[in-house]
Amino acid sequence: MNSDTLLQTLGDSLREARRQRGYTQDELARMLNIPRLKVIQVESGAPQVAVRYYTAIASALGQSVGLIPAKRPTLDELQKLNRS
């Protein structure tokens, strides 16, 4: 998975967390005293946005940002995929 895909996935997760909490982008931005544009950029997985915005938004939504080791498929898993 490349970095753009990871950021998009993170942005999608933060958008969903915001919606589940019932916040608009504007409400979240005001709560954090950041421009609404930063919330929009984070939710779209923009790579030019500083990581502090990703973590601030995650924290405000009761989430955390962490690293999970990527799992590569085993040979058996790849062979099963090829048989399908």
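Before any of the text, the structure's been laid out above.
In this report, the structure presented in the accompanying data block is examined. (Residues numbered from 1 in each chain as written. Predicted model: local features only at pLDDT ≥ 70, side-chain atom pairs only at ≥ 80, totals over all residues. Heavy atoms only, no water.)

Along its length, the protein chain carries five helices and zero strands. Sequence-ordered secondary structure for the protein chain, helices as α and strands as β, is α-α-α-α-α. Overall, the C-alpha framework of the protein chain stretches about 50 × 25 × 20 Å when taken along its three principal axes. Relative to its 84 residues, the protein chain shows a buried fraction of 24%. Put simply, of all contacts in the protein chain between residues at least 6 apart along the chain, 51% involve residues at least 24 apart. Here the protein chain displays about 6,300 Å² of accessible surface, and carbon together with sulfur accounts for 52% of that area. In the protein chain, which carries 12 positive and 8 negative side-chain charges, the distance between the mean positions of the two groups comes to 2 Å. (Helix = DSSP H or I, 4+ residues; strand = E, 2+ residues; numbered from the N terminus. Buried < 20%, exposed > 50% of the residue type's maximum accessible area, 1.4 Å probe, protein only. Contact = heavy atoms within 4.5 Å. Areas by Shrake-Rupley, 256 points an atom, 1.4 Å probe, with all protein chains shown as cover. Lys, Arg positive; Asp, Glu negative; His and termini not counted. Charge placed at Lys NZ, Arg CZ, Asp CG, Glu CD.)

The subject of this paragraph is the side chain of Gln41. With respect to the helices and strands, the residue Gln41 is situated in helix 3 (residues 36-43). Ignoring any residue separated from it by four or fewer positions in sequence, one finds Gln41 in contact with Ala46, Gln48, Val49 and Tyr54.

Our next topic: the pattern of salt bridges. Following the criterion strictly, the structure yields five salt bridges and no others. Residues Arg15 and Asp12 are paired through a salt bridge, measuring 3.1 Å at the closest nitrogen-oxygen approach. A residue pair is termed a helical-turn pair when its members lie 3 or 4 positions apart in one helix, as Arg15 and Asp12 do in helix 1 (residues 3-21) at three residues. Glu43 is paired through a salt bridge with Arg18; the nearest N and O atoms lie 2.5 Å apart. Here the residue Glu43 occupies a position in helix 3, and Arg18 occupies one in helix 1, the gap between them amounting to 25 residues. By the burial criterion, Glu43 is buried, and Arg18 matches it. (Salt bridge = Lys/Arg side-chain N within 4 Å of Asp/Glu carboxyl O.)

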